[in-house]
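Observations on the three-dimensional arrangement
Here is what each chain is made of, one letter per residue.
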Amino acid sequence: MFFSVCYLIIAIGITAIVISYILIIFKCNEKATVRIGLSIPEKAIRKFGQAPGPQPWPIIGNLDLLGRFKSNPFEGLGALTKQYGDIYSLTLGHSRCLVVNSLDLIREVLNKNGKFIGGRPDFIRYHKLFGGDRNNSLALCDWSNLQQKRRNLARRHCSPRESSPYFNKMSHIGCNEINHLMRELNKAQPGKPFDIKKIILGASANMFCQYMCSIRFDYNDKEFRRIVRYFDEIFWEINQGYSLDFLPWMLPFYKNHTQKIVQWSTTIRKFILDRVIHQREEMLDLDEPENDFTDALLRSLKEDQNVSRNTIIFMLEDFIGGHSAVGNLVMLALAYIAKNPMIGRRIEHEADIVTNKGRRRINLYDMDAMPYTMATIFEVLRYSSSPIVPHVAMEDTAIAGFGVTRGTIIFINNYMLNMSEKYWNSPDHFEPERFLDENYRRNIWKVVKCNDNRRGSEGSDSGIEFEKDTHVHKIIIDKLTSTKNSKKSKNIFNDKCGYQLKKNIPHFLPFSIGKRTCIGQNLVRGFGFVLLANIVQSYNITSADISKININHASVALPAKCFPLVLWPRA
Ligand code: HEM
């Protein structure tokens, strides 16, 4: 009996392996059928073979190769370029994947082929996070008319231009929350390590909640604290890769984990319904002018039959959840400052100039006059190299002459760009200076008259949106003329204000490019700046033990419980 069971298990195993291998080999050899012209239909269709890549195993495909780079799979994807070049295929589980590793290829994928590769991977975890359907999520859904509509709805509020009233609102809300944050930070004992992350996340959450829903929560509100933690857990979760993503039959082994994910997301949804949406629905007056993003969403629910209540709840959840990204980004910046106090000194120096030695809080309009602070944020984005969410081909297409069949997952390896010696000097060093343009000082008198109103990203595909430069020119000119007789101030000008943040660096794509670029990037820069600049203005940041500051590459996410930091109030 025992032997029969063993033979049966072995037979099932061998059959599964053989079937798996046949399926994998079939997928590897499939050709993409691509329409290449419009004139003569028969001649316009061509078949393209897929990019070469390592030989896959049955069942796991090439997961073994990535398994060797657990702490940073993108490094693993980069290492494979030595053997297979900048574009190659992989099979992860049974999923066909294409990996692109160079700037030209990334552009070809995201800009030229954007409309064919607008899908997202069908990972079980993504469904669990969004009420059983990942298409509820703005970032994890496939491209659709609904997604276009959601992006349009969100753009005005979530990508505020400097000249818009939304920008002013952001600045006001940011500064107001900084007052609350400082009261919390003042409770910390100077020189004693403490968990600053949860306080920063709370402040960031309140900035987002006030901006999107005109509501803020007390830092001691238990429910608020809980959902801030759950959002943070989810942010970490989304930034991780699991075997489950490619081997869905492993679900029973991940039961506890997926239950946890569902519990986090349902608790968050309940909070948003109970504490935000219900009240607002009762108060909604369609004749009154639109007050915030929640108003805009509730109105679209009344005015557009294609928008469902679920859509707006998930949208609000997605956007409020953006606070975790900002909180983690600021936390990373503080960690690098703790490791290298000179970075903190230079930010303090800028902060002291713009606020006349701390006589006021730093607001969003100071952003252009504090280029080193912004450069630090950009350097965190480069150094941490947040991965671009994988795209999926929604129809057959060809990239660099290689076929990409429908359903292929496309990994865009921006880690390779961020760590390439071709583009950066000493890329493995954390150096905000690399984002400062020294030539600016020489050219300042020429450019100050420039009255170009275009958004900075239009002329480039760096994907980072900038406003016109007139404001910073004015600040610098004012500073130069008002202080030209003071040797000390002149040094300050030469040392700091003569630099400008480099803009539109074509190989720096932290927010991606093309159809599915990040909608929240202006919120990241705005709230990230206000948080970082004001904290560093008020405190010296150190660590009791820098060896405890462990930071993973290729992720902006830190574990919910990470390292403590030490604050010393500045005199
Ligand atoms: C550290 C901060 C952040 C970074 C580095 C970042 C980066 C990215 C990247 C790389 C993508 C993928 C683009 C693509 O697939 O081609 C993305 C998508 C997205 N981001 Fe961000 N993001 C950040 C913060 C935020 C915030 C604060 C929000 C909202 C408040 C936000 C909203 C979105 C949305 C909605 C998408 C999906 C867009 C779509 O698929 O159509 N992000 N982000």
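Residues numbered from 1 in each chain as written. Predicted model: local features only at pLDDT ≥ 70, side-chain atom pairs only at ≥ 80, totals over all residues. Heavy atoms only, no water.

Right, let's talk about the environment of phenylalanine 116 for a bit. Of note, phenylalanine 116 is situated in the loop between α5 (103–112) and α6 (124–129). Residue classification places phenylalanine 116 among the partly exposed positions, given a relative accessible area of 21%. Residues phenylalanine 116 and alanine 32, 84 residues apart in the sequence, show an inter-C-alpha distance of 12 Å. Setting aside chain neighbours within four positions, we find phenylalanine 116 in contact with Val392, Ala393, Met394, Glu395 and Thr397. (Helix = DSSP H or I, 4+ residues; strand = E, 2+ residues; numbered from the N terminus. Buried < 20%, exposed > 50% of the residue type's maximum accessible area, 1.4 Å probe, protein only. Contact = heavy atoms within 4.5 Å.)

Taken in spatial order, the four strands line up as β3-β4-β8-β5 in an open sheet, and their pairing is mixed. In the strand order of this sheet, the two ends are held by β3 (87–92) and β5 (391–392), each with one partner. Looking at chain direction, strand β4 (residues 95–100) and strand β8 (residues 409–412) are connected through four bridges and run parallel. Across the sheet, the residue bridging to valine 100 is isoleucine 412, located in β8. Lying on the sheet, α5 is in contact with β3, β4, β5 and β8; it crosses β8 at an angle near 135 degrees. (Pairing = 2+ DSSP bridges. Axes fitted to C-alpha atoms, helices over the stretch in contact; angles between N-to-C directions.)

With numbering matched to this structure, UniProt assigns "transmembrane region" (unreviewed entry) to residues 7–26 and 319–338. Between the end C-alpha atoms of residues 7–26 the distance is 28 Å, and the span holds 100% helix and 0% strand. For residues 319–338, helix accounts for 100% and strand for 0%, while the C-alpha atoms at its two ends are 30 Å apart. (UniProt positions renumbered as here; feature names shortened; annotations may be inferred.)

So, on to the coordination of the iron atom of the ligand. Only one protein atom coordinates the iron atom of the ligand: Cys518 (SG), located 2.3 Å from the metal. Relative to the assigned elements, cysteine 518 resides in the loop between β10 (500–501) and α21 (521–538). (Donors = N, O, S within 2.8 Å, 3.2 Å for Na, K, Ca; no water.)

For the structure shown, the criterion picks out 19 aromatic pairs. With 6.2 Å between their ring centres and 80 degrees between their planes, tyrosine 211 and phenylalanine 527 make a pair best called edge-to-face. Of this pair, tyrosine 211 sits in helix α9 (residues 197–213) while phenylalanine 527 sits in helix α21, placing them 316 residues apart in sequence. By relative accessible area, which is 1% here, tyrosine 211 ends up buried. Classification of phenylalanine 527 as buried rests on a relative accessible area of 0%. One aromatic cluster is present, built from ring pairs that chain together Phe378, Trp424, Phe435 and Phe508. The ring centre of tyrosine 211 lies 5.2 Å from the NZ or CZ of lysine 169, which sits over that ring. For arginine 382, the ring lying beneath its charged end belongs to tryptophan 424, and the centroid distance is 5.4 Å. (Phe/Tyr/Trp six-rings, centres within 6.5 Å; stacked < 30°, edge-to-face > 60°. Lys NZ or Arg CZ within 6 Å of the ring centre and 35° of its normal.)

Let's shift gears to the site of the ligand. Residues in close proximity to the ligand total 24 residues, the closest being Arg120, Arg151, Ser512, Arg516 and Cys518. One nitrogen or oxygen atom from the side chain of histidine 391 is found 2.8 Å from an oxygen atom belonging to the ligand. One of the side-chain nitrogen or oxygen atoms of serine 512 is found 2.6 Å away from an oxygen atom of the ligand. Elements that contribute at least two residues to the shell around the ligand include exactly α7 (145–158), α14 (309–339) and α21. Counting residues per element, the shell around the ligand draws most heavily on α14, at three residues. Residues belonging to the shell around the ligand are distributed by class as follows: 14 nonpolar, seven polar and three charged. (Near = heavy atom within 4 Å. Polar contact = N/O pair within 3.5 Å; in protein donor to acceptor, adjacent residues only side chain to side chain. Nonpolar A, V, L, I, M, F, W, Y, C, P; charged D, E, K, R; others polar.)

Before going further, it helps to spend a moment on a positive patch on the surface. A contiguous patch of positive charge, built from Lys198, Lys222, Arg225 and Lys561, is present on the exposed surface. Along the chain, lysine 222 falls in helix α10 (residues 222–238). Looking at lysine 222, the relative accessible area reads 69%, which means it is exposed. (Patch = residues over 30% accessible without salt bridge, like charges linked within 9 Å, V, L, I, M, F, W, Y side chains within 5 Å. Areas by Shrake-Rupley, 256 points an atom, 1.4 Å probe, with all protein chains shown as cover. Salt bridge = Lys/Arg side-chain N within 4 Å of Asp/Glu carboxyl O. Lys, Arg positive; Asp, Glu negative; His and termini not counted. Charge placed at Lys NZ, Arg CZ, Asp CG, Glu CD.)

What follows covers the environment of isoleucine 124. When you line up the elements, isoleucine 124 lands in helix α6. The spacing of isoleucine 124 and lysine 27 is 97 residues in sequence and 21 Å in space, taken between C-alpha atoms.

A separate point is the pattern of salt bridges. In this structure the tally under the stated criterion is 27 salt bridges. Linking glutamate 237 and arginine 125 is a salt bridge whose minimum nitrogen-to-oxygen distance equals 2.8 Å. Taken together, the residues glutamate 237 in helix α10 and arginine 125 in helix α6 connect sequence positions 112 residues apart. Across the pair, exposure class does not vary: glutamate 237 and arginine 125 are buried alike. Two residues, arginine 346 and glutamate 433, come together in a salt bridge whose shortest N-O distance is 3.2 Å.

Moving on: the pairing of β3. Burial within β3 is extensive, with six of its six residues counted as buried. Where β3 and β4 come together, six bridges link them in antiparallel fashion. Within β4, the residue paired with tyrosine 88 across the bridge is valine 99. The antiparallel pairing of β3 with β4 creates a hairpin that spans two residues between the two strands, and glycine 93 there sits at a positive phi of about 60 degrees.

With that settled, the discussion passes to the environment of proline 371. With respect to the helices and strands, proline 371 occurs in helix α16 (residues 371–384). Measuring from C-alpha to C-alpha, the distance between proline 371 and phenylalanine 435 comes to 8.6 Å, with 64 residues separating the pair along the chain.

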